[in-house]
Amino acid sequence: MDTQKMSHASSCHGQGSTHPMHHHAASHDHGEEGRMAAATMAKKKDDPAETSPEEEEYHSLMRKWWFAFAISIPTILVSYPNFIPGIRDILPAGSSLLWWSRVIVGLLNLVVLAYSGNQFFIGFWEGLKHRQANMHTLIAIGVSAAWIYSGVALLWPDLFPSKEMSEIYYDVTSVVTALVVLGLAMEIRARGRSSEAIKKLIGLQPKTAKVIRSGQEVEIPIEEITVGDVIIVRPGEKIALDGIVLEGSSSVDESMLTGESLPVQKEPGQEVFGGTLNKTGSFKFKVTKEQGETALANIVEMVKQAQASRIPVQKVVDQVSSIFTPTVIILAILGYILWYNFGPEPSAMYALIVAVTTLIIACPCALGMATPMSLTTGIGKGAENGILIRSGEALQVAKELNTVVLDKTGTITEGKPSLTDVVPTGGLSRNEILRIAASIEQGSEHPLAGAIVEGAKKEGISLAEVTDFNAIPGHGVEGIIDGKRVVFGNIRLLQEEGIPYEHLQELALRLSDEGKTPMFLAVQGEMVGIVAVADTVKEDSKEAIQQMKKMGLEVVMITGDNERTAQAIAKQVGIDRVFANVLPQDKAHHVHQLQSEGKKVAMVGDGINDAPALTQADVGIAIGTGTDVAIEASDITLMRGSLTGVVLAIQISRATMKNVYQNLFGAFIYNTIGIPIALGLLYPLFGILLSPLIAAAAMAFSSVTVISNANRLRKFKPKKI
Amino acid sequence: MSAWVTGIGLFLIVGIAWFFWGPKGSGTKAEMTASGYQVQTVKVKGAYSPDTVIVQAGKPVRLEFIREDRSPCSEMVIFNDFQKSVTLPYGEKTVVELLPQKPGTYPFTCQMGMYKGKLVVKE
């Protein structure tokens, strides 16, 4: 987590080069070759007429399965003629007809190995060249051992001490091959489904757009559109690229990016995003990002990266799989030796069954796929709901959270405060107070300042000129208006200035209790009035916070506001613990304090000024609008403004991690129980010995089970608690 | 007979352990190009070949992966230490660029960790 955190921190300061996304982008920047490779890649992916390698592989595997299946039927008939009525009479035991039909079946099985099972041998051989064992190794050894043994038994039965031992096992060869190949084919199918979300996202971007070129409207492929081009969008059309509206207005459905179902009104000067759907009006916009650099492209890239990332719990799996295959081969040989020496008669036969079954049941495919499959699906599910989960690790940590710290402004509230009260307390009129307050705030970038300036404008008050303007962070502003020194800010500012304010405390407290932020205006060292602004609580904040509490999370509010205002808002939304009067740079410190109480903390903020706190938290959740900065600073980014996204993100994390553990449990149990049973551990007690056929079926379908379980996540629906 | 089976079996076990886990060859040294990149093509087919790429620290590395393996297991290569994972489209050259700063051994694997390779960074 630490290195990742650090890279987040550095990207907040505009140096994002340590981040994997930037690495990736960089890999396309260097050299002509890289660029061309990237370009051909993009084109191939977009071409729907071309069948994907996965699709080809699926069909090829299905052909292989049908062939192996067809050969399995006569193979079973000649392997067990005594058990099949009818065949019993045609192929009596010991007849030369049976012998010859077995020879033919043996040759057919060689074709099965060469055709249906060829990938096992190729993979086996390629691995062998590098002294590596892979998943093909076990199957290749298993099925060929069965085939060779059968051949020897058929041709030189006298080599075996007893007649029973010269049995043939061609059925193992063809049925195991058939089942494993079928399992692989089903795996490809299921894999495709688990990354559906990302395919949907890629499919959002239209292929062409109508551009104005030398005064003419022409439809051209989006690869040929450059920054600065003007695109025309009509009702019902998809917006091709990111840009800024020049003329016209419309409502745009951005749900594919944000998960927000309500359309967003777009006017000139506002941003539009590629892949979103224009609903009502026509407009022209200027392209600001080329294909591959749009918000959508970034999201697709990010989701892909996250889906391929690893989670800490997987380290165990990685270690297991690195020594797994050779260990299993060694166990199989040990099993053979033990059964041969100490097993019941015919001991060579039992020894072979044990060895082959062990090899086949041990294939770690299910184990290897357990986490990646669930991650892909869970992260995809998040993307569908406008929640960008940056890494698998974020998912694992999010599941363990027990505390959520919410930034007040912009997170719980709309972040757009408005003017509520102007209270004269000295000799000046209401309008005069508003005029001075608005004038001094003109130069300030504080959101509260904007509210006052806006309020004055609404009332038609013209503003005065300010000289010697100075903003005092965390306190307020000062300056000279009409030759008089004006200070405007909070109580701390008055204290510092030594201006008496005690007689106004009660009024200020009353305003604070209403959830408003009072600011004091003093001219020439005299208090003249209080101006209050308030930020409205978002519609669904209260409900989302209730849900978080019901999920067992402690909810904490953090704000730069004074204690009373903060408490008033906290009361409105049902938060018990509040950190008020927190300067922006101290937010991270408070998060750290909670962590030192032993809590796993999520920090939710708007992603830009909360960056240090987001980085400090175990999981940083940014409420963003699809802007790069917000995405960069967080572990999880909510594309829509609402706090219900936090609830959903934690729900998705919990569901995904539960799915991961189910898969891992299934796969581990399957291998840890399967291998000892295959080795015959239960035989001395219960006389149970696994047949290689059952092992093959179990092996093939364990992968499918893991994938289907992961696919269950696709049906995940956010719960109302 | 039984002594033979036991003997051959034990011999095989020792052989297999040595074969898969014993010391391996030194690997392939990446070629230094005029542009300052250390370039190495890595074929993906049942394994990575070469599976050990030797590079110098502090200089950019460009690994050109060519996937000739249809099995979906090989579709991705993961460099855990570099926080990087790259999808390898079948039959195409995919460039992975890295800048290893510290000497050491950095493994790269497929998604399941069955295909293994390593980047050996030397001073």
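Residues numbered from 1 in each chain as written. Chains lettered and ligands numbered in written order. Predicted model: local features only at pLDDT ≥ 70, side-chain atom pairs only at ≥ 80, totals over all residues. Heavy atoms only, no water.

A. How the structure looks around the packing of helix α21 (residues 505–513) of chain A against helix α23 (residues 563–573) of chain A. Residue and element names in this part refer to chain A. Running from N to C, α21 and α23 point in directions that differ by 25°, and their axes come no closer than 7 Å. By the angle between their directions, the pair α21 and α23 is classed as roughly parallel. For the pair α21 and α23, the sense of crossing is right-handed. The residues of α23 that touch α21, namely those facing Leu509, Ser512 and Asp513, are Arg564, Thr565 and Ala568. Residues of the contact of α21 with α23, tallied by class, amount to two nonpolar, two polar and two charged. (Axes fitted to C-alpha atoms, helices over the stretch in contact; angles between N-to-C directions. Helix = DSSP H or I, 4+ residues; strand = E, 2+ residues; numbered from the N terminus. Parallel < 35°, antiparallel > 145°, perpendicular 65-115°, else oblique. Left-handed = near helix turned anticlockwise from the far one by under 90°. Contact = heavy atoms within 4.5 Å. Nonpolar A, V, L, I, M, F, W, Y, C, P; charged D, E, K, R; others polar.)

B. Region of the structure containing the interface of chain A and chain B. Counting residues at the interface gives 54 residues for chain A, matched by 51 residues for chain B. For chain A, the biggest contributors to the area lost against chain B are His130(A), Arg131(A) and Gln132(A); these three give 16% of the whole. For the pair chain A and chain B, the number of links is zero salt bridges. Within the side of chain A that touches chain B, the residues separate by chemical class into 24 nonpolar, 20 polar and 10 charged. (Buried area = accessible area lost by both parts, 1.4 Å probe. Salt bridge = Lys/Arg side-chain N within 4 Å of Asp/Glu carboxyl O.)

C. The arrangement of a positive patch on the surface in detail. Among the surface-exposed residues, Arg193(A), Lys658(A), Arg712(A) and Lys715(A) lie close enough to one another that they form a single positively charged patch. Inspection of the secondary structure puts Lys715(A) in the segment after α29 (692–712). (Patch = residues over 30% accessible without salt bridge, like charges linked within 9 Å, V, L, I, M, F, W, Y side chains within 5 Å. Areas by Shrake-Rupley, 256 points an atom, 1.4 Å probe, with all protein chains shown as cover. Lys, Arg positive; Asp, Glu negative; His and termini not counted. Charge placed at Lys NZ, Arg CZ, Asp CG, Glu CD.)

D. Representation of the packing of aromatic side chains in the model. Across all of its chains, the model carries 19 aromatic pairs over all chains by this definition. A ring pair is formed by Trp65(A) and Phe69(A), whose centres lie 5.0 Å apart and whose planes are at 35°; its orientation type is tilted. Taken together, the residues Trp65(A) and Phe69(A), both in helix α4 (residues 53–79) and four residues apart, mark about one turn of the helix. A relative accessible area of 13% places Trp65(A) in the buried class. Residue classification places Phe69(A) among the partly exposed residues on the basis of a relative accessible area of 34%. Across the ring face of Phe19(B), the terminal group of Arg131(A) is positioned such that the distance to the ring centre comes to 5.6 Å. (Phe/Tyr/Trp six-rings, centres within 6.5 Å; stacked < 30°, edge-to-face > 60°. Buried < 20%, exposed > 50% of the residue type's maximum accessible area, 1.4 Å probe, protein only. Lys NZ or Arg CZ within 6 Å of the ring centre and 35° of its normal.)

E. Molecular detail of unusual backbone geometry. The step from Ser49(B) to Pro50(B) runs through a cis peptide bond, and the omega angle for that step is 0°. Structurally, Pro50(B) is set in the loop between β4 (48–49) and β5 (52–56). Its identity as a non-glycine residue notwithstanding, Arg131(A) has a phi of 55°, on the positive side. You can see Arg131(A) is positioned in the loop between α7 (118–129) and α8 (135–155). Its identity as a non-glycine residue notwithstanding, Asn581(A) has a phi of 55°, on the positive side. Mapped onto the elements of the fold, Asn581(A) is located in the loop between β19 (577–579) and α24 (587–596). Note on Asn581(A): relative accessible area 36%, which makes it partly exposed.

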